[in-house]
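# A structural walkthrough
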Amino acid sequence: MSAMNRRQFLKISSAAAAAATPLMAAKKASAAAAHVVVVGGGVGGATFAKYLRMYDPGTQVTLVQNEKDYQRRYGSSEVIVNHIADSALNISYDDLKNYYGVEFVFDTVTGIDFDKRQVRTQGGTTLNYDRVVLSPGITFDYSAVPGMTEELADTKIPHAWNAGPQLKLLRDQVNKLPIDGKVIIVPPPAPFRCPPGPYERAGLITQWMLERGDKNPSVTILDVNNNFPGDYNMVHLWNRFFGMNVPKDFTPFTQIKYTPEQLATLKTYDKPAKLQWIPGNQGGRVLKVDADTMTVEAEAGKFQADLINLIPPLKAGKIALDLGLADASGWCPVDPTTFESKMHPFVHVIGDSSLADPMPKSGYSANNQAKMVALQIKSLLAGNGVIEPIEMQNTCYVAAGPKNFSIFVTEFFREKDGKIIEGDQPPLLPFNASDEAYRLCRVYEESWIENFTHDTFYKPYWA
Amino acid sequence: MTNRATLRILVAALGMLCLPNAFAAPNESQDARPTAAIMLAQTCAGCHGTEGYTRGDALMPLAGLPRAQFIRAMEKFADGTRESTVMGSISRNLSAKEIELMANYFASFPENPPIAKGGKL
Ligand SMILES: Cc1cc2nc3c(=O)[nH]c(=O)nc-3n(C[C@H](O)[C@H](O)[C@H](O)COP(=O)(O)OP(=O)(O)OC[C@H]3O[C@@H](n4cnc5c(N)ncnc54)[C@H](O)[C@@H]3O)c2cc1C
């Protein structure tokens, strides 16, 4: 083959392709074929279903999804500042169904019989499985915040952390903000879905108000956490563009500290910041919310606002909690090489619901976990045992706020002694990154959205 | 300004060069895709597309990238002689052996895939 030139190769491979059976036409799994059931058709579930059918077309895959009109959550904050239309988040399951031959049941999984290996749905469907993979996303613990309720989230204080109607509500609220209005953003305690996400929102809203012409917008992050992935670059940029002082006692997430020379280049302001971050060690922890007066009470004092975006503490998806797949942390402990549940055999939990520390709860993580588990399940079904070593990555691109500036956080993961460990390379842009580098990240971020969505939900570009 | 135009300016500003696929990739057979290579290469697909095929102007495809060119790119990202945003960090997390596995993997795909509907590579 190595002696063959490129043109000859292409000729042969096109001929082979013409003769090849498309995945969709592959025979329905015979009675003897293995059956894998997937619960949840978000990033984790969709990627898993696609890749298992790609790698192992002989295995039958049934995906049970309760949101027929799923919208991607990643990149969704671009909607609230009108960078993209809400409809840009819509996903179609047509390719998974028609090209990859994934079977769909649009219904809610209500139970699993772990002994009989059966999944039950609300609508009365029962599915037998050889393995079941859950990627049910997150639930919101409203009771953890005095004054907060699910009804308030749907009507007045949207978290908008699952796209959908709440995201539109938040967009409308942003668009109706009075000039120099006051905005409060409350991130949940770590670990949570999309760790840089609430901070990205704060920057986007501040910039949106400035572009609208506001002279003194006031966006305040009331935070129980002391740092977040990407803070090293974000705080630097907010200091430069949004008049924010570096919070007292600030130690960035990566533990990379600003050197004295770098600190000297950061400014000090005596005017109120356009964007202010009050971390936990400065009194940012929220004690209660009063929706009638639109006031948030934190350790540092009372804050009145025109818009409150409070993201309640998060836990694993409801079905995972109901079935006892989570531990006291609210997340599901799993084996790091197979993501098989530590609670029940033949059950795998991936995506945000899983306890995969130090992997962040991101779409990129969910996508990479899904592919890794697809390889493992193919091997396990064939009786070939667990594949080692394993590798996974995460990268989150994050809009920093200033127009067309983005940053990233990137990590490489392996398994060692039963734990997931992170590579030791600095995961960020350097302190002295040029404006061009930030703008380039923005361009790559937009390209990432397109390629990532394709890798997760759709057939190849060339097909 | 279109994204393509912005990108050109930005890439130029950073002194980065995207080399064209100048010569034919010596395509290996399916043997170029052992599980260990798939395990590594699938982690890149979130940015570089499923099996290295991308759309759009910015993030470049890896499918059909000649072995030597792939390895050279990764080495240059790692030692910093080629400027990068994310690839410096990513490449330094990989061993020479892992880079070679992926070089074989991506070179085993045609740069221009068959258009045939439902074609399988
Ligand atoms: C504002 C925002 C910005 C983000 N930006 C990024 C980013 O830039 N990069 C990044 O990598 N990630 C980002 N993320 C995170 C990313 O979206 C999530 O990590 C990812 O969606 C997790 O995938 P998942 O499969 O675990 O859950 P989801 O994608 O939420 O999918 C779970 C699905 O399962 C369904 N389901 C749940 N229970 C059942 C049941 N019992 N029966 C049937 N179906 C069920 C749910 O309804 C849902 O449709 C962002 C998130 C937010 C909110």
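Given the structure is predicted, the values throughout are model-derived calculations rather than measurements.

This brings us to the overall build of chain B. Along chain B, the regular secondary structure elements total six helices and zero strands. The order of α-helices and β-strands along chain B, N terminus first, is α-α-α-α-α-α. For chain B, buried positions account for 53% of its 121 residues. Intrachain contacts of chain B at a sequence separation of at least 6 include 72% that bridge at least 24 residues. Taken as a whole, chain B presents about 5,500 Å² of accessible surface, with 57% of it coming from carbon and sulfur.

Another point: unusual backbone geometry. Residues and elements named next belong to chain A. Between alanine 190 and the following residue, proline 191, the backbone shows a cis peptide bond with an omega angle of 0°. Note that proline 191 resides in the loop between β9 (182–186) and α7 (197–212). Of note, the bond from glutamate 388 into proline 389 is cis; its omega dihedral lies within 30 degrees of zero at -5°. The backbone phi angle of phenylalanine 346 is positive, close to 65°, even though this residue is not glycine. Tracing the backbone through its elements, the reader meets phenylalanine 346 in the loop between β17 (332–333) and β18 (347–349). Residue phenylalanine 346 is classed as partly exposed on the basis of its relative accessible area of 27%.

Attention now moves to the site of the ligand. All names here are of chain A. The ligand sits among 35 residues. The nearest are Asn66, Glu67, Tyr70, Ser135 and Arg193. At 2.9 Å from an oxygen atom of the ligand is found a main-chain nitrogen or oxygen belonging to glycine 44. Here arginine 193 contributes a side-chain N or O atom positioned 2.7 Å from an oxygen atom of the ligand. Compared with its free state, where it exposes 1,000 Å², the ligand has 95% of that area covered by protein. For the shell around the ligand, the secondary structure elements donating two or more residues are α2 (43–55), β2 (60–65) and α11 (363–381). For the shell around the ligand, the element with the most residues is α11, which contributes three residues. Here the shell around the ligand is built from residues that sort into 14 nonpolar, 15 polar and six charged. The residue makeup of the shell around the ligand includes at least three contributed by each of domain 1 (19–139 + 315–386) and domain 2 (146–312).

Attention shifts here to the domain arrangement of chain A. Residues and elements named next belong to chain A. When its domains are assigned, chain A resolves into domain 1 (19–139 + 315–386) and domain 2 (146–312). Of note, the centres of domain 1 and domain 2, computed from C-alpha atoms alone, are 33 Å apart. Listed as interface residues are 19 residues of domain 1 and, on the opposing side, 20 residues of domain 2. A buried area of about 1,800 Å², summed over both sides, lies between domain 1 and domain 2, and 59% of it is on carbon and sulfur atoms. Summed over the shared surface of domain 1 and domain 2, the number is two salt bridges. Lysine 168 is paired through a salt bridge with aspartate 86; the nearest N and O atoms lie 3.6 Å apart. Applying the counting criterion to the domain 1 and domain 2 interface returns six residue pairs in polar contact (both at pLDDT 80 or more).

Let us look at the nonpolar core. Residues and elements named next belong to chain A. Counting residues in each nonpolar core, the largest one holds 178 residues, and the members touching the most others are Phe48, Ile205, Trp238 and Phe339. The greatest single-element share of this core, amounting to 10 residues, is contributed by helix α12 (residues 435–457). Composition of this core by domain shows at least three residues from each of domain 1 (19–139 + 315–386) and domain 2 (146–312). Those residues in contact with isoleucine 205 that sit more than four places away from it in its chain are Ile80, Val81, Val174, Leu177, Val183, Ile185 and Val219.

All names here are of chain A. Counted residue by residue, strand β20 (residues 391–399) has nine buried out of nine residues, so it is predominantly covered. The alternating pattern of β20 places Glu391, Gln393, Thr395, Tyr397 and Ala399 and Met392, Asn394, Cys396 and Val398 on opposite faces, both of which are buried. Relative to strand β21 (residues 406–416), β20 is paired through nine bridges, and the arrangement is antiparallel. Among the inter-strand pairings, tyrosine 397 is bridged to a residue of β21, identified as phenylalanine 408. Here β20 folds back onto β21 in antiparallel fashion, the turn holding six residues, of which glycine 401 has a positive phi close to 125°.

On to the packing of α11 of chain A against α12 of chain A, then. Think of two packed helices as two axes; the pair is described by the angle between the axes and how far apart they sit. Residues and elements named next belong to chain A. Packing of α11 against α12 brings their axes to within 11 Å, and their N-to-C directions diverge by 30°. As α11 packs across α12, the resulting crossing turns out to be left-handed. Listed contacts from α12 to Gly363, Tyr364, Asn367 and Lys371 of α11 are Trp448, Phe452, Asp455 and Thr456.

Tracing the chain through its elements places isoleucine 387 of chain A in the loop between α11 and β20. For the pair isoleucine 387 of chain A and proline 191 of chain A, spaced 196 residues apart in sequence, the C-alpha separation works out to 28 Å. Once you skip the residues sitting within four places of it in the chain, isoleucine 387 of chain A turns out to touch Leu375, Gln376 and Ser379 of chain A together with Thr35 and Met39 of chain B.

Turning our eyes to something else, we now look at the pattern of salt bridges. Per the counting criterion, the structure on display carries 20 salt bridges over all chains. Between arginine 212 of chain A and aspartate 214 of chain A there is a salt bridge whose closest N-O contact spans 2.7 Å. Residue arginine 212 of chain A is classed as partly exposed on the basis of its relative accessible area of 29%. Across the pair arginine 414 of chain A and glutamate 98 of chain B runs a salt bridge, and its minimum N-O distance is 2.8 Å. One end of the pair, arginine 414 of chain A, is in strand β21; the other, glutamate 98 of chain B, is in helix α6 (residues 96–107), on a second chain. Classification of arginine 414 of chain A as partly exposed rests on a relative accessible area of 24%. One network of salt bridges, in which partners are shared, links Glu78, Arg442, Glu445 and Glu446 of chain A.

Reading the values: rules and limits
Residues numbered from 1 in each chain as written. Chains lettered and ligands numbered in written order. Predicted model: local features only at pLDDT ≥ 70, side-chain atom pairs only at ≥ 80, totals over all residues. Heavy atoms only, no water. Helix = DSSP H or I, 4+ residues; strand = E, 2+ residues; numbered from the N terminus. Buried < 20%, exposed > 50% of the residue type's maximum accessible area, 1.4 Å probe, protein only. Contact = heavy atoms within 4.5 Å. Areas by Shrake-Rupley, 256 points an atom, 1.4 Å probe, with all protein chains shown as cover. Near = heavy atom within 4 Å. Polar contact = N/O pair within 3.5 Å; in protein donor to acceptor, adjacent residues only side chain to side chain. Nonpolar A, V, L, I, M, F, W, Y, C, P; charged D, E, K, R; others polar. Domains from an automatic or database assignment. Buried area = accessible area lost by both parts, 1.4 Å probe. Salt bridge = Lys/Arg side-chain N within 4 Å of Asp/Glu carboxyl O. Core = buried A, V, L, I, M, F, W, Y, C linked by side-chain atoms within 4.5 Å. Pairing = 2+ DSSP bridges. Axes fitted to C-alpha atoms, helices over the stretch in contact; angles between N-to-C directions. Left-handed = near helix turned anticlockwise from the far one by under 90°.

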